[in-house]
Structure formats: C-alpha cells, structure tokens
Amino acid sequence: MHPPTITLQSPKDYIIDPRENIVINCEAKGKPHPSFSWTRNGSHFDLDKDPKVTMKPSSGTLVIDISGEKAEAYEGVYQCTARNEHGTAVSNDIVIRQSRSPLWSKERIEPVVVQLGVSLILQCRPPAGLPPPIIFWMDPFFQRLPQNARVSQALNGDLYFSNVQMEDTRSDYICYARFPHTQTIQQKQPITVKVLDMDAMNDTIVAAYFNDTDFWGDSPAGQRRPSFMTPKGTNSVATVLRGETLELECIADGLPTPDMSWNKEKGDLPSGRFSFHNFQKTLRVTEVTEADSGDYRCTAKNSQGLAHHVITVMVKAAPYWVGAPRNLILAPRESGILTCHVGGNPKPTITWSVNGVPIENTPKDPSRKVEDDTVILSDVQTGSSAVYQCNASNEFGYLLANAFVNVLAEPPRVLTPPNKLYQVIANNPALLDCAFFGSPIPKITWYKDQQTSILNSDPYVLHINGTLEIHAAQPLHSGKYTCVATNYLASKENHVRLEVKEPTRILKQPEYNVVQRNSKAVFECKVKHDPTLTPIMSWLKDNEELPDNERFVIESESLTISHVTEADEGTYTCIMNTTLDQDSASAVLTVVEATPTPPIIYEQPDPPTDLELTDQRERSVQLTWTPGDEHNSPIQKFLVQYEDSLHQEEAWVNMTEVPGTKTTVHLDLSPYVYYSFRVLALNDVGFSDPSLPSKQYRTNPAKPDENPSEVEGFGIKPNNLVISWKELNGLQSNGPGLQYKVSWKQKDVDQEWITETVANTSQFVVSDTPTFSAYEIKVQAENDYGTGPTPEVVVGYSGEDLPSAAPDSVQVEALNDTLAEVRWEPVHLSAVRGRLQGYKLYYWRERSLHKEDSQPEEAQVLVFGENKTDGRLPGLHPYSLYSLDMRVFNGKGEGPPSARQQFETPEGVPGQPASFRVTEPSLDSLTLVWTPPEEENGRLTLYTLRYQPVNTTSELGPMEEIILSPNETVLTVSNLKYSTRYKFYLSASTVKGSGPTVTEEGVTIMDEGEFVLAAVRSNLLAFGSVNSSVGENGAVISWEYWGVNKNVYVEYNAENSKEAWIKKLVNGTQTYLIKGLKPGTSYRVRVVAKDHLDQTIHSTDELVITVPAMPSRQLDIATQGWFIGLMCAIALLILVLLIVCFIKRNKGGKYPVKEKEDAHQDPEIQPMKEDDGTFGEYSDTEDHKPLKGSRTPSNGTVKKDDSDDSLVDYGEGGDGQFNEDGSFIGQYSGKKEKDTAEGNESSEAPSPVNAMNSFV
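Residues numbered from 1 in each chain as written. Predicted model: local features only at pLDDT ≥ 70, side-chain atom pairs only at ≥ 80, totals over all residues. Heavy atoms only, no water.

- Per an unreviewed UniProt entry, the protein carries the name Neuronal cell adhesion molecule-like and comes from Denticeps clupeoides.
- UniProt's Sequence similarities (unreviewed entry) comment on the protein is quoted here verbatim: "Belongs to the immunoglobulin superfamily. L1/neurofascin/NgCAM family."
- Comment text from UniProt for the protein, heading Subcellular location (unreviewed entry), reads "Cell membrane". (UniProt positions renumbered as here; feature names shortened; annotations may be inferred.)

Here it is in structure tokens:
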C-alpha cells in the first residue's frame, strides 16, 4: 500500500500537429491504483461534457479527437491529478499549443542596384511560426546559393555581403522557410541584385540607373578597414540560460574581406565545448555554465586595419535539481526529512503542497515543520501518508516534484526466491541475496548450515541491502545459508544454497607452429575443469569463427588443419567454456613459402625538420614542424621534448605527445624557464633521431603557482616532529629566491601558528614535543616575486614510543583438531603510546601428545587488526600441546607479552603410511610391507587394505578389502592369479576417521609356459617384418607389432641428412602413407614405439627407400630452326610436283603414282568418297578447288598468283609433335581438315602434306 507516483507525463511545452489527434500523457502507479482527473486553465476539466475527449482505461492519458474541430479550441494549460486513499500526486503544467506555418505576405520587391565593393544585406523576415522556421537561401531550382567568408547567412536568416562582386549579380535570390513540425516550406519573392562597376560605366548609363532604380549602399566602394554590420557599435549584451547553447555572431564589412577571430577577455574559451561556424563569424558554446559569463571579443581584420566588438555574456539559470525530494517509507513514531535542493539564477522560490493543496492551506500538523527547502517530519502516526509537492520557480521556469511519505507498519518479507542455488568459481566473489521489505526496516542476519553464529566477520561481509558477500569463495564455503529478516512485528527466514566449483584451466596450451604449405598443422589444448560442469571447446581464428572447411578438424583436445595454405596463417585461440567460467589460450600459425619473397625493408623515420615557434604568449607558444621520411611504416605519433638551459642544461624532458597525423601543437609554459624544443617521430620500428632544437624561448619570472607536495608530519623519536615535503623543481619555482615557510601548531590546542622559513631542504625538525600528539602543518612556497597560494593544512603526529601494557584476559579454546579461537581484552589507547596497528599472537607447538620425547617447535606469529578482540589459529597439529602469548604493537614496535596460555588439540585423522611396498612375488601371492604414518594425529585404531586386479588395458577388476590391527606392518595376500598385476590401497584410521590412502602395484610371477611366450614377444621381437611400396602419391610403409606400448611412430628423413627425424603418430594401424617426398631422393625409414615419457622402447631396423625421378620432357624438334627449314624446302618441292601433276591431269594423262595405285589397289579398302568411290585419285573428272594462294583459269592452265603462304600454313601448326619413340605425328597444315574427319567431302584443295602422303 503506497500513495500515487507520476510515472509518465507529456512535456511542459507541448506543440501539437493540427492534423492529428491530441494525446496528453499521464500515467501513475500506486496501491490501490489511483484515479485521475484534469484541470484546464486552472479550472476542473469535465470530460463527460465533451464527447471528443476520452481517457484511456486504467490511465490518466487524454485522447482528444479533433476531426471536424479546430485544434485551437483545445489550446491551454492542462494539469493531471492522480489520487488514492493514501495521497494525491500532480503533474507539471502542460501548455498545449498548435503548430503554425503561416503564408508569406505578398510583396513586390524592387531590384537592388549596388556599387561594386560595397556591403549589402538581403533581408529574409519570414512569417512567425510555431515552432520558428529554419531559414536557407536557394535558387528556383532548390540549389543552395554559395556562401563563403564574404557572403553568408546570419542567425536571423538575413544574407550578408561583406563586399559585393560582379558575380553577385543575379535575379534569383530566394529565401526559404521550412516549418519543421508540419514539414512545409514557404518562400519569399525572388530578389534581384545588380552590381555596377562605376569605373567602367559612362555618365549616361549611370544616370539611367539612378533614374530607374534605387541605389544601395552608403559605404565607400574602395578598399577599407572592417566595420561591423551586426551587432552594431563596439559593445553589446547577450543573455543565455545555464545548460543551453550560446551563439555569438559578428559580421563585418570591409574590402578585402575581413578575417574573423574570437577570444575571451580574462580567460580562455571553454575547452572542449566551443566551436566556430559560418566562416568564423559565429562562436558556439555548448552546455553553458556560470563560468562562461564574461566579455567575448570578436575581431575583424584585413589589410586595411581591424575592428573589435565586445559582447558581454550573462548566464542565468532556470531552476535545476541539486537534489530532488525522495520518497519516504516510515514506521509509526519514526522521523524523516524531505529536501528540495535546487539551484538557479536568480535564486528560485520554493513552495510546498500536500496532496496538491498549498501547505499553508492544509490543517496544521504538529509532526510537520517546514524550513524553506526542507520538510521535517517527526513522530509520524499511522494514517498520515500523503504526497508532497515541491515547486521551485524563477522568471525562467519552474520545477515540480512529487514525493510520497508512506507510514506503514509491515512485518518483514523476504523477496529472494526460496532455495535459490548460487554457483561460483573458486577464488571469485560470491553474492548471496536476501532482498527484503518491512517497516520498520528489518535487521538481516545470516547463518550457515546448522551453525548458530552470525556470519558478519572475515571472510563474510554483510551489505546494507541484505546481501552476504564472500570475497574469495572456497570449496569449504559450499553449503546451505539462511538469512533472517527481523523487526519488532515478526521474523522471516529464507534458505539458499552455495556451490563453489573448481576453475577451468588450460593445462597444455597450443604452441607457436611453423609449417610448410600443403602440410598439416596441429594445435593441442588440454583442459582441466570441475567434473560437475559440462565444458564446451571452441576455436577461433583471428578472433573470428573458423572457416567452414573440412580441412579444419576439431577434436576433444586438439585442432588439426590439413593441406595448409597461406590463407590459414593467423592467431588460433582455444576457448573452453562452462556455464560459470572460461579459459583461453592462443598460438600463431606461420606458413613457410617455398621461395620466400624478399622482405620490405622497414626503418625508423627520419627526424622532423623546420621547427617554428608561432603565437608566442606569456605562458604558451605554438610549435610546428615538417615530418621526415616514414620508410614504409606510417608515423604513429610525435614526441615533443624541451630543454631548460636555465635550470638543467642538456637535459631533455618529455613534454607531450601528438598524433602522427598532426604537425602542430599548442604548448603550455611555465614562468622563468629558457625553453628549447625538439621533436621525435615514432613508427612500428622505433623512434627517429631527435630533430634540431628550435630557437630558445624565454618566459618571465612570476610568484609560485603551487606549494610543495607530499607534506607530512611524523616523529623519529618520542619527543620530536619531522615535517617533510617534496621540493619544487626549477620548472615549478617560477622565479629566483625559492624558499619555504613552514608552519605548525598542536591540534585542538588554543595556540598560534609557529613559522620558520627555510631554503634548499625538504624537511624541518620540531623538538621537545609530547609523545604521539597531533599537529596541524602547512608548507608554503615563496620567491622574490611573491608567495604561492594558500597551503592546505595537513595533520601529522609526533614520535611514538613502545607500548607499555599487554592485552588482558587472554583466553584460548580449541574448536577442532586443527583450529583454535583466542579472545582478549584490548589495550587502553593511553598505554599504546602511538598509532595502534594491531595485535601479534605468538604460538608454538610444545610437543605431540602421542610422542612424549618430541621437541618444541619454533614460534609462529599471527597478526590481527587494531579493532579485533578475537581471532582464530588455523593449521594446528592434531593431538598436540600448544603455548601462546599476545602483544600489542604500534609503529615503534611491540609491547610486553601477556601471560602465557596453554591448550591441547583433540585427535584428528592420521596421515598416510610413511612407506608402502610390494615384495616376494610368487605365482599366487604378494607380500606387503609398510610403516606407520609419520603424523599419527592420535591413537591408531586400524589399517584398511583394499586391492583389485588390473588388466592389460588398465581396466580395474573387482575390489577386495581387509581390516588390519594397528600393530601390523607386514601382510602376505594369497589366492591371487598368476601373471597378473594388482593395485593395493592402504590407509590408517583413528577414532576421528580414515586418513589419506597410499597406493602401490605388484605383479604375480607367470608360469613357465607364459614366460617363454613373453620372451618371444620381448624387446628383440616387438616388431615383425617391415615392408614398403613407393608410388606417385608417396611411400606406403607396413609392419607387424606385438608390443603393448600404444605410442607408435613412423620416423623418416633424407638419407645422409643431419636434420631431425620427421615423426608421425600411427597408433591403431599398421600401415602409413608418407606424402610430400621429393622425386629422385632416398630416405631412411623406421618404426618406433615409445613410452609416456617419449623414450624409445622398441625400434625396427632402418629401411632405405628411393623415390623415382620424374621423366624429363622430350626435345620438341618441331621448334628447331634446321627442321623448319628442311620442312619448308620439302613443301616447296611438293608444290612444284603438284603443279606438274595438275598440268598432266588437265591434258587427260595419268601420272605414275596414279598408275601405281591402279595396279596395286587393295580390294578390301572401302572408298572414302561417297560420289565416285575413289581414294584421293587425281582424275580428269574430279572437281577440285584451287590451292590457297593460286587460282585455276578456264583454259585448264595453272597460273601462279601472288602467294600469301606462310610458315603457319606449312609447318608452324600447333598440332605437330613427336611420339616417345621420336616419330613425327600430325600434319603441317595451318588449318585442320575438319570436313574430312567428319566423313564429308573437303571444300579445299589437297594440302602439300596430303599430296606428300599420297606418294608414300
């Protein structure tokens, strides 16, 4: 149950769009849910009388339907009220106004005629809109008019010309006004500007212009010094509100065009918040503060002179919150305060209301008192819940805040869910929540498991919100925790559980890997994690997911990349995630190129040059320089150093760093220094050599700007006070004659300051002081030009003495076998005689209660804080006698010891047996021998022996158990199986339980038959035969192996090579393909078996294999010159023979070849030509086409034409080649006989080669 709170409301100044419905927000929460009402212009707004107005269900938000209505009818000031039975909350005054975008009034604008060089202002003067319009100048095609330092738009929208030029003549100067709320644009009538060059015009033309148009400008047209067009005069005033943006504007005329600059008198422009706009004519300062008040000077300068204008800025402030009132929940008879802390200029007036009614108009309440900005509530009663309103206002605005006071009597409630489980990683903080509610505020206490003690000391921290924190949780902190919330009405408890998990750790990290291209890369990543958490392993390449490629194979503890390429280079990261934590490790993969390209040479940059000092002032200067050659590595930054030749000559000191993209820096300087500057450049290779020093720049002396630092007071004797400080260096002295005024007086004692002046020292000793008394100290610097600022007062103490008393009532109690608790009474501060630093507990073990002749151990020390009166002694030995004493100590040392106390620790679990071994193996028994634990920690009651067989695959068999008396140290275990390995577990016990277990393994001996078989499979016969087969893809190695060791490798390297053997793991197989072998090279190969320490146990003899060389390429004689010449000669001879054949054919005769073919025709040969069945016959009736480069005339003679034959046609064809036996295949024609290959008649005459083939 609580009063209403406003959660959402519309802005104070709410401009509405007349085309949309009006929505005025008002949301509130409270129990019970509040009801809502509205006022309009200070009067009740009856929603039922206006059907256009509705209120959203369960809300105070108004929706006004303005369809068919004018929005102006609903303008006004609205306020929302939310109330329930516990109080009333009100919203801000919400001013509703309709947005407006009025039309531009019609007007006729005369052309503007202006003389060349004079200034000009084109006025915009848009219609007033709500909100005000945005102004810009464009032409009729909506292209912005060009603006620059000479022509620019002012803040009021007018267009200013510092001086007009001939190019300013145009008839389309149009001012546009865009109204942002309605997204409409209005435009003014175009303005025509004509610029006249009076020197280039005769009197008649000038007179014509004077008669027809107005002539603009009363300023001279020639070159002139600047004068301000706006603001007028030499001074003006501007007012701005705190937090808003200040815009100052200065526009000047002049010829040439003036340059503008700004500065603040008596100060600098606000760093990081100012900027220049509109070609330096506008100064903008954002987030204005009171410190921005003052005089701002704008300067216009050209070659003819300069002009100044000073704008005095006054910063006012609407009310703003320093601390808004906060809601109060009080129990009956409690007290509380509501504070309405606001700032403003002028100072705001604060008024208070209760449930929306001015507080002075409410019934008088004796429990309430109003003091300006504070309401004091005391002894509140049930039923006095209410909502208070604070209103802070001045002439610039107001603030309104609601704060409820809820008077409740509520029993505690725990809001954290019951039985919530918290899981954390060891050594991390654990936060156990106990969120609560109640009135009065409940007290929270915590308990662990079944303990009754409250958890409010180390390592537990109880926070004010009920949360219990364990700074570094350990597994022993796991368990059930209970939080209890209590007030005078009731108690409520809640249970949660904490589980502390072991951290995830990568035990074997991936290592830097250098592999050759097309080989395999393997990264290992072995992880340890809490067994109750499920780990998920993932890999990243360069912090991104691995490529989706089957070459990347992720296994449980490794990443394998096959056929590595240059694109696989990068940083690979193994990430092991659990639900609570993660661990990661990275390694780089480098792919080695077969022929590495020469590297680019990177060098440090050349030193900068041309150092220049500009803008020289009393305490600042600007340094510029020219960078040197980067040498293939970009410059990252410049380092500026200085030398003070007055105080420390030839000592260069780092002053500042500048980004590598800049070559200028503004340097702040100190008085009384002879500066020289130099610059160094830095790239990835390193720093350049320093540049040559700049010219020396000297600053004038001044009084110190600061006082010595690290001022402190302490004593080195019980009766003195040493005042020390860190001296100012030469750069900080600001002038000659540096010395220090040291002042001191005893604190809280009515006395005057005592002062001494010293020089060239960093300390002063005050004698005859009381022991460990507080003193106020201050040290001030002064030189020949004055004293430094007022120094801060530091509190120091005179010397300490040894404590004179020991802690009283020292008591000790053993909590368990390894932990004891000590309590004591603190020492009175007067006996400490110094700053109490804590208590030291000296304790030592006198002897073991089991061993009477044991010797006392060396004393150990535990230190407790100064506020402690109890503590615990961990790590004690069980069943032992201890002694202890306690001393207080301060900065001087320890005081006397307290009376010695003794206590005994109870029995604990024993340690593991000191030794344990297996002896005398036989076929069916093993003898075990052991010695008792070195730390028995009590009286031994028994030994527990367990054992089980272990097979060849390390799997364990059934477990057997034997209980032994505490006096036994030897046992023979019988009825065992021959030739079998057994694992034994032995532990000792006391009445407190069993101690840690020691393990040992033994093997029974084998019978005679098994022994012979094992000898056969001994080291000499672990490997059988080894075979090899060499092919194009590599060498296949196969072998036989009978050994039990699992780590089997194939190793190889080049014969006679001194490099390390290349090793490949081949577990689970007896064949392996070795890839990547070089042709023509012999290799040594062997198969080895290794143990878990990577030591070779078995090895085969070395096998030598030879990879055959690749066949060399045959010499292509078709490309040889002599062969080409021979072929050309043969082709020419064949051509002559062909011509003779054609002549004889045309005469009807047959040449000898034809006769020979006719005489020896093979009857089995099928005809190749479909029409006449002949095979290449040169008959008179055959239709032939002429050879390429010749033609056949109608008279039957062959006439040689200009030949365009080439070697391409007769021997340079791409099909010519030789078989492996050296025979020539193909044909010497430049064009393939495609038609013949397809079984069709050729469309060309037979080539010379075809003709040559017919003669063969």
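**With respect to the overall build of the protein**
- Looking only at helices and strands, one finds 9 helices and 99 strands in the protein.
- Here the analysis covers contacts within the protein between residues at least 6 apart in sequence; of these, 64% occur between residues at least 24 apart. (Helix = DSSP H or I, 4+ residues; strand = E, 2+ residues; numbered from the N terminus. Contact = heavy atoms within 4.5 Å.)

**Considering the packing of aromatic side chains**
- Taken as a whole and judged by the stated rule, the model has 21 aromatic pairs.
- Seen in terms of ring centroids, F274 and F276 are 5.6 Å apart; in terms of plane orientation they differ by 70°. Their pairing is edge-to-face.
- Residue classification places F274 among the partly exposed residues on the basis of a relative accessible area of 31%.
- A residue is classified by how much of its surface remains accessible, and F276, at 29% relative accessible area, is partly exposed. (Phe/Tyr/Trp six-rings, centres within 6.5 Å; stacked < 30°, edge-to-face > 60°. Buried < 20%, exposed > 50% of the residue type's maximum accessible area, 1.4 Å probe, protein only.)

**Regarding the UniProt feature "transmembrane region" (unreviewed entry) in the protein**
- Here the UniProt feature "transmembrane region" (unreviewed entry) sits at residues 1122-1143.
- Secondary structure over residues 1122-1143 splits into 100% helix and 0% strand, and the C-alpha atoms at its two ends are 32 Å apart.

**Considering the sheet that holds strand β44 (residues 460-462)**
- Spatial strand order, β41-β45-β44: 3 strands in an open sheet with antiparallel pairing. On the outer flanks of this sheet lie β41 (430-432) and β44, each paired with one strand and no other. The average angle at which neighbouring strand axes cross in this sheet is 20°, direction not considered.
- Sheet analysis places β41 next to strand β45 (residues 468-470), joined by 3 bridges and oriented antiparallel. In the sheet register, L431 faces β45, and the bridge partner there is E469. (Pairing = 2+ DSSP bridges. Axes fitted to C-alpha atoms, helices over the stretch in contact; angles between N-to-C directions.)

**Overview of a nonpolar patch on the surface**
- There is a patch of nonpolar side chains on the surface, built from Y512, V514, V588 and V592 and spanning about 350 Å² of accessible area.
- What makes V592 partly exposed here is its relative accessible area of 37%. (Patch = residues over 30% accessible without salt bridge, like charges linked within 9 Å, V, L, I, M, F, W, Y side chains within 5 Å. Areas by Shrake-Rupley, 256 points an atom, 1.4 Å probe, with all protein chains shown as cover. Salt bridge = Lys/Arg side-chain N within 4 Å of Asp/Glu carboxyl O.)

**Overview of the state of the cysteines**
- Overall, the coordinates contain 6 disulfides when judged by the stated rule.
- Covalent S-S linkage joins C250 and C298, the inter-sulfur distance amounting to 2.0 Å. Its S-S torsion of about -70° marks the bond between C250 and C298 as left-handed, since a negative value means left-handed. Of this pair, C250 sits in the loop between β23 (246-249) and β24 (251-255) while C298 is found in strand β28 (residues 294-302), placing the two residues 48 residues apart along the sequence. Across the pair, C298 and C250 agree in class, each one buried.
- One disulfide bridge connects C434 with C483, the sulfur atoms lying 2.2 Å from each other. The disulfide joining C434 to C483 has a torsion of about 70° about its S-S bond and is therefore right-handed. (Disulfide = S-S within 2.5 Å.)

**Considerations on the environment of K492**
- Take K492: it is sitting in strand β47 (residues 491-501).
- In this structure K492 touches P412, V414, C483, V484 and A485, once residues within four positions along its chain are discounted.

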